Amino acid sequence: MAPYASGGRIKRGGGGCTSGFSVQIGEPAPDVVKSQGMMFANHCGAYGPGAWTTVSNNFFGNKSSQYVARYKDVALMVNDPAQSGVSDSLRFYYPQMFLGAYNSGTRWIVVDGQVPVVGGAWCFSGSYSGTFCYNTITDINVYVNYGGGAPSGIGPLVETVNSANLIPVGQGDSGGPAFNFQSPNTNGVYATGIISGIRNGSYACSGLQYENRLCSGTALISPIYPAMSAIDRGVRLMTITDY
């Protein structure tokens, strides 16, 4: 139930994705005046607008064409009080992130963001695979052509390879959070990006299984700060000190 967190499993029709990071909207679109939203992957829902729900069919957000960065593969969902029953004056999204197994209810707080550095390592928390770390950044200037209605040259994205030979990400994790831990002795995380895609997919998957699900040890991530800037509208990361 709302307020909703990052890393949650969401669906529209028969397709599933993962919620990204909560944001504040400083300069709302005139025809969709909202002060908060939830980032996720623009390719979720076949690039089109529409309503998303939880797996329990509770309204999670409307993907709006007013808050999209097509060449970063990111978009925002926003509240619709007529569908959620929650007033826009109340908190609908929250600066927390699910962490652990794909069915975990543990939440950690978002404290800030970080930028990518080649050789650094990120963790992912997709709602289908769960939380996996040891994803080493190998490139921060990757452009991809996904096809299927996507614009050509999405990027620059960050490419990571799991150094522990784990399978950290797959279908259904799209839109979910990439992050770093604040420190071993806190329950804080730094937002680093939004899960966009994979390379060299296979049927070997972690977490939630379904027929013909593709997963990989190589991930493509839309870094958090360029993604927010591309959406424009004064979008900034929602954190525990700024919400």
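Residues numbered from 1 in each chain as written. Predicted model: local features only at pLDDT ≥ 70, side-chain atom pairs only at ≥ 80, totals over all residues. Heavy atoms only, no water.

S.K.: Could you clarify how one ought to interpret the packing of aromatic side chains in this entry?
M.R.: Aromatic rings in a pair are described by how distant their centres are and how their planes are angled relative to each other. The final tally for this structure, using the stated rule, is ten aromatic pairs. Centre to centre, the rings of Phe-92 and Tyr-93 are 4.9 Å apart; their planes meet at 80°, and the pair counts as edge-to-face. Like Tyr-93, Phe-92 is buried. Judged by centre distance (5.2 Å) and plane angle (70°), the ring pair of Trp-108 and Phe-181 falls under edge-to-face. Of this pair, Trp-108 sits in strand E10 (residues 107-113) while Phe-181 sits in strand E15 (residues 177-181), and the two are 73 residues apart along the sequence. By relative accessible area, Trp-108 is classed as buried at 18%. Each residue in the set Tyr-4, Phe-59, Phe-60, Phe-92 and Tyr-93 is aromatic and connected to the rest through ring pairs, giving one cluster. Of note, Arg-9 hangs over the ring of Tyr-128, and the distance from its end group to the ring centre comes to 5.3 Å. (Phe/Tyr/Trp six-rings, centres within 6.5 Å; stacked < 30°, edge-to-face > 60°. Buried < 20%, exposed > 50% of the residue type's maximum accessible area, 1.4 Å probe, protein only. Helix = DSSP H or I, 4+ residues; strand = E, 2+ residues; numbered from the N terminus. Lys NZ or Arg CZ within 6 Å of the ring centre and 35° of its normal.)

S.K.: How should the sheet that holds strand E5 (residues 36-41) be read in this particular structure?
M.R.: Working definition: the strands of a sheet are paired by backbone hydrogen bonds and lie parallel or antiparallel to each other. Spatial ordering of the open sheet is given by E3-E2-E6-E7-E8-E5-E4-E19, a layout of eight strands whose pairing is antiparallel. Edge strands, defined here as strands with exactly one partner in the open sheet, are strand E3 (15-18) and strand E19 (235-237). Put simply, the sheet's adjacent strands are angled 40° from each other on average, direction ignored. Sheet topology note: the strand E2 (residues 9-12)/strand E6 (residues 50-54) ladder contains two bridges and is antiparallel. Across the sheet, residue Lys-11 finds its bridge partner in E6, namely Thr-53. The strands touched by helix H2 (residues 224-231) within the sheet are strand E4 (22-25), E5, strand E7 (59-69), strand E8 (74-78) and E19, with E7 carrying the most contacts at an inclination of about 75°. (Pairing = 2+ DSSP bridges. Axes fitted to C-alpha atoms, helices over the stretch in contact; angles between N-to-C directions. Contact = heavy atoms within 4.5 Å.)

S.K.: Help me understand the side chain of Asn-135, please; the structure alone is not making it clear to me.
M.R.: As for its placement among the helices and strands, Asn-135 is situated in strand E12 (residues 130-144). The buried category is assigned to Asn-135, whose relative accessible area is 0%. Apart from residues lying up to four places away in sequence, Asn-135 is in contact with Gly-120, Ala-121, Trp-122, Cys-123, Phe-124, Thr-160, Val-161, Asn-162 and Pro-168.

S.K.: Help me out: how do you make sense of the environment of Val-142 in this one?
M.R.: Examined against the element boundaries, Val-142 turns out to sit in strand E12. The buried category is assigned to Val-142, whose relative accessible area is 5%. A sequence separation of 16 residues divides Val-142 from Val-158, and the C-alpha atoms of the two residues are 6.2 Å apart.

S.K.: Just checking my understanding: could you explain the nonpolar core for this structure?
M.R.: In this structure, Phe-21, Met-39, Tyr-67, Leu-76 and Ile-231 are the most contacted members of the largest nonpolar core, which totals 27 residues. Secondary-structure elements contributing two or more residues to this core are E4, E7, E8, E10, strand E16 (188-199), H2 and E19. Take this core: its biggest share by element is four residues, from H2. In contact with Ile-231, not counting residues within four places along its chain, are Met-39, Tyr-67, Val-68, Ala-69, Val-74 and Leu-76. (Core = buried A, V, L, I, M, F, W, Y, C linked by side-chain atoms within 4.5 Å.)

S.K.: So what exactly am I meant to see when it comes to the state of the cysteines here?
M.R.: The bond known as a disulfide is covalent and runs between the sulfur atoms of two cysteines. Scanning all chains against the criterion turns up three disulfides. A disulfide bridge connects Cys-123 with Cys-133, and the sulfur atoms are separated by 2.0 Å. What sets the handedness of the Cys-123 and Cys-133 disulfide is the S-S torsion sign, and at about 105° it is right-handed. Remark: Cys-133 occurs in strand E12 and Cys-123 occurs in strand E11 (residues 121-126); sequence separation between them is ten residues. (Disulfide = S-S within 2.5 Å.)

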